[in-house]
Amino acid sequence: MEKETIFTLITWTKRLLGLIAVLLWMYVIFTISQSPAPFMEQAPYCMASTMLIFGILTALHKGLDYWQMKSVKR
């Protein structure tokens, strides 16, 4: 593949992953908020899900950055 094609593919993959992560996070937070439990019991689940979802997004984003830098050096 050409460098420009790889760069475009990686850029759009990052955008798609970001959109999926935000939509998934909104769904999880909405689902947790529908629970009849008080907020103090919901808060750990909100924090844990937020950290997990965006931690995975960050790892994928850094992996794509690494792949992009590696393909540019060629």
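Here the structure is shown first, and the text comes after it.
Computed from a predicted structure; not experimentally measured.

Student: Any chance you could explain the overall build of the protein here in plain terms?
Tutor: In terms of helices and strands, the protein carries 2 helices and 0 strands. For 74 residues, the compact-globule formula gives about 11 Å, and the C-alpha radius of gyration of the protein, at 17 Å, lies well above that figure. C-alpha extents for the protein along the principal axes are approximately 55 × 15 × 10 Å. Counting the 74 residues in the protein, one finds 20% classified as buried.

Student: Help me out: how do you make sense of the packing of aromatic side chains in this one?
Tutor: When we look at a pair of aromatic rings, we describe it by the centre distance and by the angle of the planes. Throughout the structure, instances matching the rule amount to 1 aromatic pair. Across the ring face of W12, the terminal group of R15 is positioned such that the distance to the ring centre comes to 4.6 Å.

Student: Help me out: how do you make sense of helix α2 (residues 39-73) in this one?
Tutor: Along an α-helix, a turn takes 3.6 residues, which lines up residues three or four apart on a common side. Given a rise of 1.5 Å per residue, 35 residues ought to cover 51 Å, and the 50 Å separating the end C-alpha atoms of α2 matches this to within 8%. When α2 is considered as a whole, its buried residues turn out to be Q42, A43, C46, S49, I53, L57, L64, Q68 and S71.

Student: Sorry if this is basic, but what is going on with the environment of T58 here?
Tutor: For T58, the location among the structural elements is in helix α2. The class of T58 is partly exposed, set by a relative accessible area of 45%. Each C-alpha atom, one on T58 and one on G18, is 9.3 Å from the other, the two residues being 40 residues apart in sequence. A polar contact of 2.7 Å, which involves the side chain of T58, links it to the backbone oxygen of F54.

Student: Any chance you could explain the pattern of salt bridges here in plain terms?
Tutor: When their charged atoms lie close together, side chains carrying opposite charge are able to pair. Counted by the stated rule, this structure contains 1 salt bridge. Notably, a salt bridge pairs K14 with D65, separated by 2.3 Å at the nearest N-O pair. Here D65 lies in helix α2 and K14 lies in helix α1 (residues 3-33), a separation of 51 residues in the sequence. Exposure remark for D65: the relative accessible area of 23% places this residue in the partly exposed category.

Student: Help me understand the environment of V22, please; the structure alone is not making it clear to me.
Tutor: Within the secondary structure, V22 is located in helix α1. Here the alpha-carbon distance between V22 and G55, two residues 33 residues apart in the chain, equals 12 Å.

Conventions adopted
- Within each chain, residue numbers correspond to sequence positions counted from 1 in written order.
- At least 70 in pLDDT is required for a residue's local features to be given in this predicted model, at least 80 for side-chain atom pairs to be given and counted, and no such filter applies to totals for whole chains, interfaces and linings, which use all residues.
- Only heavy atoms go into the side-chain values, all of them from the structure, while hydrogens and water stay out.
- Helical segments are the DSSP runs of H or I of at least four residues, strand segments are the runs of E of at least two, and each set is numbered from the N terminus.
- Throughout, radius of gyration means the C-alpha value; the globule benchmark is 2.2 Å times the number of residues raised to the power 0.38.
- Only protein chains enter the area calculation, which uses a 1.4 Å probe; residues under 20% of their type maximum are buried, those over 50% are exposed, and those in between are partly exposed.
- Any two of the Phe, Tyr and Trp rings considered here, Trp counted by its six-membered ring, make a pair once their centres fall within 6.5 Å; the pair's planes then place it as stacked at under 30 degrees, edge-to-face at over 60, or tilted in between.
- In this analysis the charged atom, NZ for Lys or CZ for Arg, is taken to sit over a ring once it is within 6 Å of the ring centre and within 35 degrees of the ring normal.
- A helix's residues, less one, multiplied by 1.5 Å, set its expected span.
- Polar contact is defined as a pair of N or O atoms within 3.5 Å, subject to the rule that within protein one atom must be able to donate a hydrogen and the other to accept it, and that residues adjacent in sequence are counted only when both atoms are side-chain atoms.
- Any Lys or Arg side-chain nitrogen located within 4 Å of an Asp or Glu carboxyl oxygen qualifies as a salt bridge.

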